[in-house]
Structures are given as C-alpha cells and as structure tokens.
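Here are the chains, one letter per residue:
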Amino acid sequence: MEPVKIAEDIYWVGVVDWNIRDFHGYSTYLGTTYNAYLVLDDKITLIDTVKSNFADELLSNISRIIDPKRIDIVISNHTEMDHSGGLLRVMHRIGEEKPIYCSKMGYKHLPMHFRKDLNYQVVKDGEQLSIGKRTFTFLETRMLHWPDSMFTYLGEEKILFSSDAFGQHYGGSERFDDEVGDDIMPHAKKYFANILLLYSPLILKLIKRVQEMGLSFNMICPDHGIIWRKDPMKIINAYATWSEQRPTRKALVVYDTMWHSTQLMAEAICDGLVQEGVKTFCMDLRAWHRSDIITELLDAGALIVGSPTLNNGLFPTVSDFLTYMKGLKPKNKIGAAFGSYGWSGEAVKLINQELESAKIRLIHEGIRVQFVPDEDALKRCIELGKRIAKELPEQ
Ligand code: FEO
C-alpha cells in the first residue's frame, strides 16, 4: 500500500498484512496492518516500524516521501516484534548512530531482542522532545499491554500515537474510521477482548489520567488497523465501557464433544437459557475460534463449560480454551460445568477448578452424565439453564 498523508507533513507509512490468519493464537480473518508514521520537521521522525518481513516495504514507502537516510530519530513505542521486528533493517539503512527513543523498559527489552548495541535513549513519563515546529510528549503506559509500552502525543496537531491501544486487526485498504464506519467496532472489540482485557483496571486509570491532563485528540493513530479521525472519543468511550466489564443477560455455553452426549447436554442448557429470555451462544470449540469466544465473553454474564472426560482429564480443546480464558482474567461472570463420561468422569470437577481459579462464581456443582443423557438428565440440564438465567441481570 502507498503511504497516506494523515496531516500536514505527517504520513502513514505502514504495511498491510493481508493474509495473516493467526496472530499468536488470535484469529485474524481479515489480516492486519502494522502501522508506522513519518513526521517531517527539522528532525525527521519515524514512529515505530513493522514486522521484520515487511521492513523493505516500510523503507520503500518512506522512500516515496524522503530518502530514508534523512530520518533523524526513531521512536519505539513498543518492543513487540510486530512493531520492532524491522528496526534493525531500518537502522542499518538510516544510520545505526541515530537515536531510538523508548521507555525505560523498552531500553531494557529492545537489546534483548536484537543483541546489538544501538543508540537507545530513554524517555521518562511526561518528558518532551522538540523536533522543530513540533514537540512530542511521551506517556508511559506500562502493561498496556507490555511493560515497555508508551504513547507519543503530538501536542500541536493533537495526535496520539497510541501503539497497540485502540487498534484492530483489520487489514483493509481503508486508513480511517470514516472510511469503514461502524463496521470497524466489532474488530476493535475483539482486539480489546483478546489483547487488553486483563488490563481493564489500568485502562480505566489511564483514561482518567488523560482526562485530568486535559489532553484532547484530533486523531488517534494506533499501530494496527484504521486511524480514528472522525470521532476519536468513540473508541475511548468504548474502552471505558468495555473495561468496566458489566455483565449482561447473555450466556455462553462452550463445549466439545466426542459422541454427541456433551453436545446434547449443551443444547439442553441453551434451551433453558433461551426459555428465560437470555441471549445465548451455543459454541462448539471445533467450530468457534477461542478468540471469537472471548469477544462474546466480554459482555456476557455467564460462562458454562462442558467437556467429555478423556483419559481421566479434559478434552484438549477445552483445556486450550480454559487456559486462554484464564490468562485474560474476565470479571463479573457466573459459571457452571457439565459433561458426559464413560467410567471415571473427572472433567466436571476439573472445569470447576479452572472456573474457580479464574474467579468465575460457580452457581451449581455441575452436571455429570454417564455415557448418553436420558430424558431426566436433559431435564436437569434445562433446569441448570433456567437457574443460570435467574442469576443474570434483567435486560
Ligand atoms: Fe501489536 Fe503488542 O504488538
């Protein structure tokens, strides 16, 4: 993709990764972008780079505007390799003596990625850097979502270069929110749920801090997806809402099945939920990607998990999902477990342990069925769905 002018003397010079479908375990059905930005001033500045295999494309984009050797400084808002993988290649081209501005933790982490001495310059939280007519202000955003993460704010134009925050894995030809419209919001929501959910308390604090600092934004430029220029507050307000993780009258029944017994139980639990007016998702783990389930979990009030017992343990897809879900630390959920078994039947107990360790409040001891559920067992599953419905907030 060609570079795009986003403001006077400021360009998007990133790349579109059209065909990536798995971003470290997150399904990216529409690919993604690695955004980098070029600011032309007395000191020409490059903000972030791209994944290593796109470094030449980044340099080619920059070359359409200026000779890359004219870049004076690089700002690294984030160490993760989708934004720093191209750094060595870029520095080799522009001159390895040029300064790379990064946070204190970036200063620690970048050399551990490249095993090479470069001219890293630490910037403190709130520190400013003049590049001529413009001044950058650096804001540490530690653990949003890595220890090194920071924002770079351009006061004159009121542009926030927000690193991963406010991004979306959306690899389209559009560069701005107004070109995509509301269709971008499910991608932003999925990104939040799968990348930032566990840092929700920090996000609420950050939004408060930005408000107290009186910062306003004409544009928010994340490192993935589209740039927010029509209504930057839309994504900030969405982050504030998502971070609160208020439960709604919505339930996910997530399961895998070997011989359809656990599936029959899942469907009966869903019947009970639906009969009580709960928005319900019946999610077979072999049909739903874990990252799509987490997106739906964001505003759900209940998570009910089912697994057959396989070799005295959980079915592997269920273990995978529970591990992924626990790491993201969803809040304010109730839960329950179910599953069929042949002779030992440990799965329900194991799911209960996992849900409890994820601080999901169990509202039932769980339902176990040996081999195939009979009518009575399916009635108990329907009743479990109804009981969960009673515990969920009214619409
Ligand atoms: Fe897009 Fe944390 O990297």
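For every chain, the first residue of the written sequence is number 1, and numbering continues from 1 onward in sequence order. Reporting of local features is limited, given that this is a predicted model, to residues whose pLDDT is at least 70; pairs of side-chain atoms are given and counted only at 80 or more, and all residues count toward the totals for whole chains, interfaces and linings. Here the side-chain values reflect all heavy atoms present in the structure, with hydrogen atoms and water set aside.

A. Fine view of the packing of aromatic side chains. A pair of Phe, Tyr and Trp rings is counted when the ring centres sit within 6.5 Å of each other, with Trp represented by its six-membered ring. The angle between the planes then sorts it: under 30 degrees is stacked, over 60 is edge-to-face, the rest tilted. All told, the structure shown has 9 aromatic pairs when counted by the stated rule. Plain terms: the ring middles of Phe151 and Phe166 are 6.4 Å apart, the flat faces sit at 45° to each other, and that makes the pair tilted. Of this pair, Phe151 sits in strand β14 (residues 150–154) while Phe166 sits in the loop between β15 (159–163) and α5 (177–180), and the two are 15 residues apart along the sequence. On the basis of relative accessible area, Phe151 is assigned to the buried category, the value being 2%. Summarising the aromatic geometry, the rings of Phe166 and Tyr239 are spaced 4.6 Å apart at their centres and angled 50° between planes, so their arrangement reads as tilted. Here Phe166, found in the loop between β15 and α5, pairs with Tyr239, found in helix α8 (residues 232–244); they are 73 residues apart in sequence, far enough to count as distant. Throughout, exposure labels follow a simple rule: accessible area from a 1.4 Å probe, protein chains only, divided by the maximum for the residue type, with under 20% read as buried, over 50% as exposed, and the rest as partly exposed. Overall, Phe166 belongs to the buried group, its relative accessible area being 6%. Grouped by ring-pair contacts, the aromatic residues Phe151, Phe166, Phe192, Tyr239 and Trp242 constitute a single cluster. Criterion for a charge above a ring: Lys NZ or Arg CZ within 6 Å of the ring centre, and within 35 degrees of the ring normal. A cation sits over an aromatic face here: Arg175 above Trp12, 4.2 Å from the ring centre. A run of DSSP states H or I qualifies as a helix once it reaches four residues; a run of E qualifies as a strand once it reaches two. Both are numbered from the N-terminal end.

B. Structural detail: the nonpolar core. By size, the foremost hydrophobic cluster in this structure holds 89 residues, and its most contacted members are Leu38, Phe166, Ile235, Tyr239, Leu303, Phe321 and Met325. The element that contributes the greatest number of residues to this core is helix α6 (residues 185–196), accounting for 7 residues. Ignoring anything within four residues of it in the chain, the contact list for Phe166 reads Phe151, Leu160, Ile220, Pro222, Trp228, Ile235, Ile236 and Tyr239. For our purposes a nonpolar core is just a set of buried Ala, Val, Leu, Ile, Met, Phe, Trp, Tyr and Cys residues, chained together by side-chain atoms within 4.5 Å. We call two residues contacting when some pair of their heavy atoms lies within 4.5 Å.

C. Spatial organisation of the domain arrangement of the protein. Just so you know, the domain bounds were taken from an automatic or database domain assignment. Under the domain assignment used here, the protein contains domain 1 (4–244) and domain 2 (252–388). Taken over C-alpha atoms, the centre of domain 1 sits 38 Å from the centre of domain 2. Between domain 1 and domain 2, the residue contacts involve 14 residues of the former and 15 residues of the latter. By definition, the buried area sums, over both parts, the 1.4 Å-probe accessible area that each loses when the two are put together. Summing both sides of the interface, domain 1 and domain 2 together bury roughly 1300 Å²; the carbon and sulfur share of this comes to 56%.

D. Representation of the pattern of salt bridges in the model. In the sections that follow, a salt bridge refers to a side-chain nitrogen of Lys or Arg positioned within 4 Å of a carboxyl oxygen of Asp or Glu. One pass over the structure, following the stated rule, counts 22 salt bridges. We note a salt bridge from Arg134 to Asp41, for which the minimum N-O separation is 2.9 Å. On the criterion of sequence distance, the pair formed by Arg134 in the loop between β12 (128–130) and β13 (135–140) and Asp41 in the loop between β7 (37–39) and β8 (45–47) is long-range, its members being 93 residues apart. Across the pair Arg229 and Asp178 runs a salt bridge, and its minimum N-O distance is 2.7 Å.

E. Examining the pairing of strand β19 (residues 302–306) more closely. With 5 of 5 residues buried, β19 is to be regarded as a mostly interior element. Because side chains alternate across β19, one face comprises the buried residues Ala302, Ile304 and Gly306, and the other comprises Leu303 and Val305, equally buried.

F. Highlighting the environment of Leu297. Within the secondary structure, Leu297 sits in helix α10 (residues 290–297). When neighbours within four sequence positions are excluded, Leu297 is seen to be in contact with Leu252, Leu303, Met325, Pro330 and Lys333.

G. Quick look at unusual backbone geometry. His145 follows Leu144 through a cis peptide bond whose omega is 10°. Relative to the helices and strands, His145 resides in the loop between β13 and β14. The phi dihedral of Asp48 falls on the positive side, at around 65°, and the residue is not glycine. With respect to the helices and strands, the residue Asp48 is situated in the loop between β8 and α1 (55–63). The class of Asp48 is buried, set by a relative accessible area of 2%.

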